[in-house]
Amino acid sequence: MEIIIIRTYYMAGTNGLLYINAGEFPLCRTIELPWLQNKTGVSCIPEGRYRIRMRYSHKFSHHLEVTDVPGRSMILVHPANDAKRELRGCIAPVTIHTGEGKGSRSKIAFNMLLQIVKANLKTGPVYITIKKTEHDNQRKG
């Protein structure tokens with residue numbers, strides 16, 4: 001299974017559309033921190049293809065981890081509605097975007113994604129590919 005996030009970069013945050021297996025319509029949207037040269041805790045991760053695994057913690061319960069990110073660790077996929085306040089380099093699915101790096105109804109979007117990933121991990125690996133939107137005219141770095 002392949003999760004695809006198509007990002008648009010803004011000064012205050014990064015917004016994305018999340019697709020499953022190159023589907024025609026996005027499953028949900030995503031929010032992340034702005035691109036700040038992959039700096040730990042303050043930047044979204046670089047574009048690329050990464051493997052996803054299940055993870056559990058007391059803080060987030062069941063959630064996802066993005067593995068093998070160059071120069072980074074503990075990149076999680078978990079619910080959040082405001083990237084600057086709630087994320088430290090992680091990815092949050094949201095139902096709608098409400099601003100740059102902001103969204104709403106994250107738990108609903110996250111739970112949909114989590115159920116799909118859990119089911120697919122039973123039959124094979126799950127990957128996430130992150131790339132910028134074709135019409136993103138802003139320079140990332």
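Everything below is about the structure printed above this text.
Residue indices begin from 1 for each chain and proceed along its sequence in written order. Note on the predicted model: pLDDT of at least 70 is required for a residue's local features to be given, and 80 or more for side-chain atom pairs to be given and counted; whole-chain, interface and lining totals, by contrast, use all residues. Values reported for side chains reflect all heavy atoms of the structure, with hydrogen atoms and water molecules removed beforehand.

Peer 1: Can you lay out helix α2 (residues 106–121) for me, pointing to particular residues and giving the numbers?
Peer 2: Helix length check: α2, at 16 residues, gives a terminal C-alpha distance of 22 Å against a target of 22 Å (1.5 Å per residue), a fit within 8%. Between buried and exposed lies partly exposed: a residue is buried under 20% and exposed over 50% of the maximum accessible area for its type, with that area taken using a 1.4 Å probe on protein chains only. Think of it this way: any DSSP run of H or I at least four residues long counts as a helix, any run of E at least two long counts as a strand, and we number them from the N terminus. All of the buried residues in α2 are S106, A109, F110, L113, L114 and V117. Seen end-on, α2 carries its buried residues on one side only, within an arc spanning 130°. Each residue after the first adds 1.5 Å to the expected span of a helix. The arc in question is formed by the directions pointing from the helix axis toward the C-beta atoms.

Peer 1: Can you explain the sheet that holds strand β7 (residues 92–94)? Please cite residues and give values.
Peer 2: Spatial ordering of the open sheet is given by β6-β5-β4-β10-β1-β2-β3-β7, a layout of eight strands whose pairing is mixed. The outermost strands of the open sheet, each flanked by one partner alone, are β6 (75–77) and β7. With strand direction ignored, the average angle separating the axes of adjacent strands in the sheet is 35°. Two strands pair under a simple rule: DSSP has to find at least two bridges between them. Axis lines are fitted to C-alpha atoms, over the contacting stretch for helices. Their N-to-C directions set the angle, which ranges from 0 to 180 degrees.

Peer 1: Requested: an account of the pairing of strand β8 (residues 96–99), with residues and values cited.
Peer 2: The pairing of β8 with strand β9 (residues 102–104) spans three bridges and is antiparallel. When the bridges of β9 are listed, H97 appears paired with G103. With antiparallel pairing between neighbouring strands as the criterion, β8 and β9 make up a hairpin whose turn holds two residues, including G101 at a positive phi of roughly 70°.

Peer 1: Before we move on, can you summarise the side chain of R7 with the specific residues and values?
Peer 2: Take R7: it is sitting in strand β1 (residues 2–9). The term polar contact refers here to a pair of N or O atoms within 3.5 Å; inside protein, the definition further demands a hydrogen-donor-capable atom paired with an acceptor-capable atom, and it admits residues adjacent in sequence only when both atoms are side-chain atoms. Within the structure, R7 has its side chain in polar contact with the side chain of E32 (distance 2.7 Å).

Peer 1: Mind laying out the nonpolar core, listing which residues take part and the relevant values?
Peer 2: The term nonpolar core refers to a set of buried residues drawn from Ala, Val, Leu, Ile, Met, Phe, Trp, Tyr and Cys, joined through side-chain atoms within 4.5 Å. One finds I3, I52, V66, V117 and I128 to be the most contacted residues of the largest nonpolar core, which totals 22 residues. When contributions to this core are tallied by element, the ones reaching two or more residues are β1, β4 (48–57), β5 (61–67), β6, α2 and β10 (126–132). For this core, the element with the highest residue contribution is α2, accounting for five residues. By size, the runner-up hydrophobic cluster in this structure holds nine residues, among which are L76, A83, C90 and A92.

Peer 1: Describe the packing of aromatic side chains, naming the residues involved and giving the relevant values.
Peer 2: Any two aromatic rings considered together are summarised by their centre-to-centre distance and by the angle between their planes. Pairing of aromatic side chains here covers Phe, Tyr and the six-membered ring of Trp, requires ring centres within 6.5 Å, and sorts the geometry by plane angle: under 30 degrees stacked, over 60 edge-to-face, intermediate tilted. For the structure on display, the rule yields zero aromatic pairs. Here the guanidinium or amino end of R49 rests over the ring plane of Y127, the centre of that ring lying 3.8 Å away. Note on geometry: a ring has a charge over it if NZ (lysine) or CZ (arginine) is within 6 Å of the ring centre and within 35 degrees of the ring normal.

Peer 1: Which residues make up the environment of L17, and what values go with them?
Peer 2: One can find L17 in strand β2 (residues 14–20). When the C-alpha atoms of L17 and F110 are compared, they prove to be 13 Å apart, with 93 residues separating the residues in sequence. Contacts are assigned to residue pairs with any non-hydrogen atoms lying within 4.5 Å of each other. If we ignore the near neighbours within four places in the chain, the residues touching L17 are I4, I5, I6, P26, C28, R29 and T30.

Honestly, that's just the spatial picture; any functional story needs more than this.
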